[in-house]
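Breakdown of the fold
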Amino acid sequence: MTEKPTLVSEKGLRTDGRKANELRPLKLEVGILSNADGSAYIEQGKNKILAAVYGPREVHPRHLALPERALLRCRYHMAPFSVQERKSPAPSRREVELSKVIRQALEPAIFLDKFPRTSIDLFIEVLQADGGTRCAGVTIASLALADAGIPMRDLVASCAAGKADGQLILDLNDAEDKEGEADVPLALMPNSNAVALLQMDGLLTIGEFDQVMQLALDGCKRIYAQQKEALKAKYLAIKEEAEEAEEE
Amino acid sequence: MPFLLENRQIVTPGDLLAEGDYLSGNNTHRDDSKIYASRLGLVEYKGRRVQVVALNTFYVPAVGDLVVGKIVEANLHGWTVDINSPYTATLKASEALNRPFRPQRDELSEFLDVGDLVLAKVIAYDRTRDPTLTIREPDLGKITNGQIVSVSPAKIPRIIGRKGSMITLLKKETRCSITVGQNGLVAIRGRNQGDEQLAVLAIQKIEQEAHTSGLTDRVSEMIRTERGSVG
């Protein structure tokens with residue numbers, strides 16, 4: 001047995017040098033796949049994930065179509081090279097579950113009843129994984145949906161918090177997720193202040209849980225601010241260019 | 001309470017646009033007295049009405065719309081038509097022929113075959129039924145020459161312009177006949193390839209810069225300089 005590594009140092013710094021309530025460096029891009037109706041890309045620490053949205057479009061196979069609302073189909077998938085040990089490309093039990101969890105986190109945010117008999121197909125492809133991919137997946141999936149022009153109640157921002165070495169920490173990385181004491185992924189619809197996803201793995205006291213929840217909510221709100229910027233950035237760049245050309 | 005945001009500011013889904021006695025316009029939704037954005041777009045306040053001009057959408061059919069469609073299948077009694085929408089349309093033989101349709105004698109692929117493009121009008125559509133089209137009106141029917149440009153359906157109002165100002169300018173400056181399908185497909189027919197190419201470039205510029213101001217002037221300037229360089 002190898003000994004459990006130190007996750008939080010005596011100075012209160014984590015393995016990647018962050019403080020307890022600090023997010024990983026986050027980079028969001030929107031509209032990077034021209035074949036998809038909507039797309040987004042995230043780099044969050046060492047995570048690198050792509051999301052693509054197709055639709056609303058005709059449902060194939062036909063019998064799956066719902067008469068009252070659109071069908072949201074979601075596929076979360078990890079590339080074989082996304083982790084140290086090669087991952088089999090076939091969907092694992094974990095991936096099937098995450099697909100469902102992500103779908104259920106997004107369903108309340110979309111006006112599905114406006115487009116009966118159609119399907120919205122969402123693909124989340126993890127290129128490099130470093131913990132917290134379900135949260136990052138929800139975050140960019142909602143950006144890709146907004147980019148596709150699908151009407152939504154709200155964006156969905158997602159972030160995890162947990163406990164490692166007895167300390168409550170925000171935005172867990174892979175080591176903290178695996179070796180730590182608890183992991184609480186949370187997704188939030190910030191304007192309606194509604195929780196769209198809440199899971200917990202590990203052990204926390206009730207008091208600790210309340211604090212972790214507060215940490216994660218705070219993280220979601222910070223991510224939400226960056227989501228808005230990323231969506232606007234695509235169009236603001238063109239606007240500035242055009243206005244510069246005007247002045248010349 | 002006054003408006004919360006500046007006119008024509010970019011908003012994202014879920015942004016609070018107004019609170020109080022306002023009407024919820026396009027691409028917005030209401031929760032009690034609060035009005036939120038449902039799409040990424042530019043917010044517009046017009047009197048009591050609050051709306052969002054979307055930056056990207058897909059085409060949802062509406063009765064009376066002019067559309068450009070592509071035949072994907074010829075059946076016994078009509079055609080299946082792709083109209084660049086979540087729902088595929090049907091064109092009945094009786095809506096295409098100028099005489100009674102005789103199923104035993106008439107071979108439909110002789111009139112319109114797979115891959116043909118048609119200019120058509122939506123005559124029926126609701127959320128329970130796929131749209132049906134007609135081409136039994138003047139100027140409708142098979143598109144035989146010219147070019148098609150595909151743009152996002154969200155940009156169609158911008159190509160037409162306020163009271164048709166943009167489209168009038170385009171037609172005059174490029175000397176092409178331009179038919180705008182509400183589903184984001186624009187049919188262009190000119191006297192020569194150069195004119196058509198110019199119209200294509202202009203429409204692509206409008207799509208790219210649809211959310212900026214002073215676009216009409218920039219487009220007319222672009223057409224003039226392009227024409228100057230071609231000769």
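A quick note: this is a predicted structure, and the numbers were derived from the prediction, not measured.

About the criteria used
- Residues numbered from 1 in each chain as written.
- Chains lettered and ligands numbered in written order.
- Predicted model: local features only at pLDDT ≥ 70, side-chain atom pairs only at ≥ 80, totals over all residues.
- Pairing = 2+ DSSP bridges.
- Helix = DSSP H or I, 4+ residues; strand = E, 2+ residues; numbered from the N terminus.
- Axes fitted to C-alpha atoms, helices over the stretch in contact; angles between N-to-C directions.
- Contact = placed C-beta atoms within 7 Å.
- Core = buried A, V, L, I, M, F, W, Y, C linked by C-beta atoms within 7 Å.
- Buried ≥ 20, exposed ≤ 12 C-beta atoms within 10 Å, placed from the backbone.
- Nonpolar A, V, L, I, M, F, W, Y, C, P; charged D, E, K, R; others polar.
- Domains from an automatic or database assignment.
- Parallel < 35°, antiparallel > 145°, perpendicular 65-115°, else oblique.
- Left-handed = near helix turned anticlockwise from the far one by under 90°.

Right, let's get into the sheet that holds strand 14 (residues 147-150) of chain B. All names here are of chain B. Across the sheet, which stays open at both edges, the three strands sit in the order 14-16-15 with antiparallel pairing between neighbours. Either end of the sheet is taken by a strand with one partner, and the two such strands are strand 14 and strand 15 (176-180). Recorded for the sheet is a direction-independent mean angle of 25° between the axes of neighbouring strands. Sheet analysis places strand 15 next to strand 16 (residues 185-190), joined by five bridges and oriented antiparallel. Residue I178 lies in a different strand from strand 16, and its bridge partner there is I188. Set on the sheet, helix 2 (residues 165-174) makes contact with strand 15 and strand 16; between it and strand 15 the angle comes to about 150°.

Bringing the nonpolar core into the picture now. Counting residues in each nonpolar core, the largest one holds 86 residues, and the members touching the most others are A51(A), I140(A), A141(A), A144(A) and V156(A). The residues contacting A144(A), other than those within four sequence positions of it, are G38(A), S39(A), A40(A), A51(A), A52(A) and V53(A).

Residue-level contacts link 29 residues of chain A with 26 residues of chain B. Elements with a contribution of two residues or more to the side of chain A that touches chain B: strand 3 (47-58), helix 2 (133-147) and helix 4 (206-247) of chain A. In terms of residue count, the dominant contributor to the side of chain A that touches chain B is helix 4 of chain A (nine residues). For the side of chain A that touches chain B, the residue count by class is 15 nonpolar, four polar and 10 charged.

Residue and element names in this part refer to chain B. Along its sequence, chain B is organised into domain 1 (10-54), domain 2 (66-142) and domain 3 (147-230). The interface of domain 2 with domain 3 comprises eight residues on the first partner and eight residues on the second. Elements that contribute at least two residues to the side of domain 2 that touches domain 3 include exactly strand 8 (66-74) and strand 11 (117-126). In terms of residue count, the dominant contributor to the side of domain 2 that touches domain 3 is strand 8 (three residues). Split into classes, the residues belonging to the side of domain 2 that touches domain 3 amount to six nonpolar, two polar and no charged.

The next point concerns the packing of helix 2 of chain B against helix 3 (residues 193-208) of chain B. All names here are of chain B. Where helix 2 contacts helix 3, the two axes come as close as 9 Å, and the packing angle between them is 150°. By the angle between their axes, helix 2 is roughly antiparallel relative to helix 3. When the axes of helix 2 and helix 3 are compared, the crossing they make is right-handed. When helix 2 is examined against helix 3, the residues M166, L170 and T174 are found in contact with a partner set consisting of D195, L198, A199, A202 and I206. Residue composition of the contact of helix 2 with helix 3, grouped by class: six nonpolar, one polar and one charged.

This part takes up the pairing of strand 6 (residues 157-164) of chain A. Residue and element names in this part refer to chain A. In terms of burial, strand 6 is largely enclosed, as eight of its eight residues are buried. Residue alternation in strand 6 divides its side chains into two sets, A157, C159, A161 and K163 and S158, A160, G162 and A164, and both sets are buried. Of the pairings in the sheet, the one linking strand 6 to strand 8 (residues 182-189) comprises seven bridges and is antiparallel in character. Residue pairing in the sheet places A157 in a bridge with L188 of strand 8. Taking the residues that link successive antiparallel strands as the turn, the strand 6-strand 7 (residues 167-170) hairpin has two residues, and the phi of D165 there is positive, at about 50°.

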